Amino acid sequence: MCAWKDRCFVLLDYKTEKYIIAENKRVGILYRLIQLSLMAYLIGWVFVTKKGYQETEGTIQSSIITKVKGVSVTNTTESGLMVWAPEDYVIPPQGEDVLFIVTSFLETPNQKLGYCAESSKVLDGRCTRDADCEKGKIVVAGNGVKSGRCLKKDENSIGSCEIYSWCPGESKFKPSGPMLTNADNFTLYIKNFIQFPKFSFSKSNVLETTDDSYLRKCRYDEEHNPYCPIFRLGDIIRRAGYSFQDMATFGGSIGIAIQWECDLDKADSYCGPRYHFTRLDKGISNKSIAAGFNFRHARYFKNADGEIHRSLYKVYGVRFHIMVYGKAGKFSIVPTAINLGSGLALMGAGTFVCDMILLYIMKERDSYRERKFEGLSANKGASESNGSEHKKDAMEEDILTD
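Summarised in this report is the structure supplied together with it. (Residues numbered from 1 in each chain as written. Predicted model: local features only at pLDDT ≥ 70, side-chain atom pairs only at ≥ 80, totals over all residues. Heavy atoms only, no water.)

**Here we look at the pattern of salt bridges**
At step 1: With the rule as written, the count across this model stands at nine salt bridges.
At step 2: We note a salt bridge from Arg 238 to Asp 235, for which the minimum N-O separation is 3.6 Å. Linking Arg 238 with Asp 235, this pair stays in helix 5 (residues 233–239), spanning three residues, or about one helical turn.
At step 3: The exposure class assigned to Asp 235 is buried, which follows from its relative accessible area of 15%.
At step 4: A salt bridge links Arg 279 to Asp 281, with the nearest nitrogen and oxygen atoms 2.7 Å apart. The burial state of Arg 279 is the same as that of Asp 281; both residues are buried.
At step 5: It is possible to trace a salt-bridge network through shared partners that takes in Arg 232, Asp 235 and Arg 238. (Salt bridge = Lys/Arg side-chain N within 4 Å of Asp/Glu carboxyl O. Helix = DSSP H or I, 4+ residues; strand = E, 2+ residues; numbered from the N terminus. Buried < 20%, exposed > 50% of the residue type's maximum accessible area, 1.4 Å probe, protein only.)

Right, dumping it as structure tokens:
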């Protein structure tokens, strides 16, 4: 019963800190080095580098408007002399954050609905007899509907099913180079509006100036003109690390990232865009069957007899993806207090490390432990003799001093 009472009354004991001065230069130097390191971390990293005194917002609201300018001329057997303006080579023409610019093409002109042979490259369109071309069946991965006839050069050869489709069939050859030869001089105008709703802050990437001719004559340069929103296509590809002429032949995909890092404790002029360019399909070499980027579209018209014809274009070019990201920060007392309190709490790490050394590593650890942890009862302090205390103090002073 008495033992249980003692355990219960322990909860009513009061513990207070006891400070002991250990005159050990090595431990003292270590303690100051830890304190200085933590102060350098708190000031240099938390507050200066990471701006721990700011409240931040990483949710950026963005709008992108694009416009391409430039003209090119082609002269082919199929279409003859032709002028290509932005309304011809920019797809879609509305000026979105994802756009495709034609740099090369293959044309199959004057197609009309009728009967012709399926392409020999389509496996489901190959045949050796009429029974292989079931009438009314759509060719799998093909271009039309089977008519029931197998078209062959001779009895022993493999033929192609006759189909009802747009005839003649698509031209099957690859471009040897970019058809729009001066496409690298086309310009891409990127207008970007951003907003950080938490701070009610908004801005545009277009330089605020009273010079009406600025946008007509400026071109983006990361060193001399970083706030011009007009880019040459050739410069974009070059900054991504590739040759425009090589990419323009079979096409590719380019990412344009606009980064906004805004310190709202400074003037608005310090909040500006930074542009980064990268090729998104760089993992695929030009020798791969999946290299490049292309798709097909058609232009429809009627002849003098009212018959519908079309010209089929297989276009190659560069697909641009414009991405916007960033964050903004502004002074706030809440993160300042939290980071400051956390840093000051870390200052106790020096005391902890030095105590561990004195308690468990040094030769005099037993004497230090006995001195550091001392129990004091309510009626015991007055009965201690002054002579024994002076003797103990003198002995431990010799131990704790180098």
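**Details of a nonpolar patch on the surface**
At step 1: Nonpolar side chains collect at one region of the surface, where Ile 29, Leu 33, Leu 36, Met 39, Ile 43 and Val 48 lie side by side and expose about 600 Å² of accessible area between them.
At step 2: Positionally, Ile 29 belongs in helix 2 (residues 25–49).
At step 3: Relative accessible area serves as the criterion here: at 54%, Ile 29 is assigned to the exposed category. (Patch = residues over 30% accessible without salt bridge, like charges linked within 9 Å, V, L, I, M, F, W, Y side chains within 5 Å. Areas by Shrake-Rupley, 256 points an atom, 1.4 Å probe, with all protein chains shown as cover.)

**Here's the deal with unusual backbone geometry**
At step 1: Residue Pro 92 follows Ile 91 across a cis peptide bond; omega there is -10°.
At step 2: As for its placement among the helices and strands, Pro 92 is situated in the loop between strand 5 (90–91) and strand 6 (98–117).
At step 3: With phi around 50°, Lys 51 is a residue other than glycine that occupies positive phi space.
At step 4: Looking at where Lys 51 falls in the secondary structure, it is placed in the loop between helix 2 and strand 1 (54–57).
At step 5: According to the relative accessible area criterion, Lys 51 is partly exposed, its value standing at 28%.
At step 6: Positive phi, close to 55°, is recorded for Ser 200, a residue that is not glycine.
At step 7: Among the secondary structure elements, Ser 200 is positioned in the loop between strand 10 (187–196) and strand 11 (201–204).

**Here we look at the nonpolar core**
Generally speaking, nonpolar side chains in soluble globular proteins are found buried as a group.
At step 1: If you look at the biggest cluster of nonpolar residues, it comprises 45 residues, and the most contacted ones within it are Tyr 89, Ile 236, Ile 254, Ile 256 and Phe 320.
At step 2: Looking at this core, the element that brings in the most residues is strand 16 (residues 308–331), giving six residues.
At step 3: Those residues in contact with Ile 256 that lie beyond four places of it in its chain are Leu 188, Ile 190, Ile 236, His 276, Phe 277, Phe 320, His 321, Ile 322 and Met 323.
At step 4: Counting seven residues, the second-largest nonpolar core is a separate cluster that includes Val 27, Cys 354, Ile 357 and Met 362. (Core = buried A, V, L, I, M, F, W, Y, C linked by side-chain atoms within 4.5 Å. Contact = heavy atoms within 4.5 Å.)

**Here's the deal with the packing of aromatic side chains**
At step 1: Considering all chains together, one arrives at 15 aromatic pairs under this definition.
At step 2: With a centroid separation of 4.8 Å and an interplanar angle of 40°, the aromatic rings of Tyr 220 and Phe 231 are classed as tilted. Taken together, the positions of Tyr 220 in the loop between helix 4 (214–217) and strand 12 (230–232) and Phe 231 in strand 12 put the pair 11 residues apart, joining distant regions of the chain.
At step 3: Among the residues examined, Phe 231 registers a relative accessible area of 2% and is labelled buried.
At step 4: In textbook terms, an aromatic cluster arises when at least three aromatic residues are bridged by ring pairs, as seen for Tyr 220, Phe 231, Tyr 275 and Phe 277.
At step 5: Note that Arg 279 overlies the ring of Tyr 242, its terminal NZ or CZ placed 4.9 Å from the centroid. (Phe/Tyr/Trp six-rings, centres within 6.5 Å; stacked < 30°, edge-to-face > 60°. Lys NZ or Arg CZ within 6 Å of the ring centre and 35° of its normal.)

**Points about the pairing of strand 11**
At step 1: The two faces of strand 11 differ: Phe 201 and Lys 203 on one face are buried, but Ser 202 and Ser 204 on the other face are not.
At step 2: The pairing of strand 10 with strand 11 spans four bridges and is antiparallel. Within strand 11, the position partnered with Phe 193 by the bridge is Ser 204.
At step 3: Once strand 10 ends, the chain turns through four residues before running back antiparallel as strand 11, passing Ser 200 with a positive phi of about 55°. (Pairing = 2+ DSSP bridges.)

**Quick word on the state of the cysteines**
At step 1: Following the criterion strictly, the structure yields five disulfides and no others.
At step 2: A sulfur-sulfur distance of 1.8 Å marks the disulfide that ties Cys 262 to Cys 271. Of the two residues examined, Cys 262 and Cys 271, each falls in the buried class.
At step 3: When the cysteines engaged in disulfides are numbered in sequence order, the chain pairs them as 1-6, 2-4, 3-5, 7-8, 9-10. (Disulfide = S-S within 2.5 Å.)

**Focus on the packing of helix 2 against helix 8 (residues 348–360)**
What describes two packed helices is the angle between their axes and the distance between those same axes.
At step 1: At their nearest, the axes of helix 2 and helix 8 sit 9 Å apart, and the two run at 155° to each other. Between helix 2 and helix 8, the angle falls in the class roughly antiparallel. Considering only the axes of helix 2 and helix 8, their crossing is right-handed. Contacts between helix 2 and helix 8 involve Val 27, Leu 30, Tyr 31, Ile 34 and Leu 38 on the former and, on the latter, Ala 349, Gly 350, Thr 351, Val 353, Cys 354, Ile 357 and Leu 358.
At step 2: For the contact of helix 2 with helix 8, a count of residues per class yields 10 nonpolar, two polar and no charged. (Axes fitted to C-alpha atoms, helices over the stretch in contact; angles between N-to-C directions. Parallel < 35°, antiparallel > 145°, perpendicular 65-115°, else oblique. Left-handed = near helix turned anticlockwise from the far one by under 90°. Nonpolar A, V, L, I, M, F, W, Y, C, P; charged D, E, K, R; others polar.)

**Comments concerning the side chain of Ser 165**
At step 1: Mapped onto the secondary structure, Ser 165 falls in strand 9 (residues 159–167).
At step 2: With residues up to four places along the chain from it excluded, the contact list for Ser 165 reads Lys 112, Leu 113, Gly 114, Asn 143 and Gly 144.

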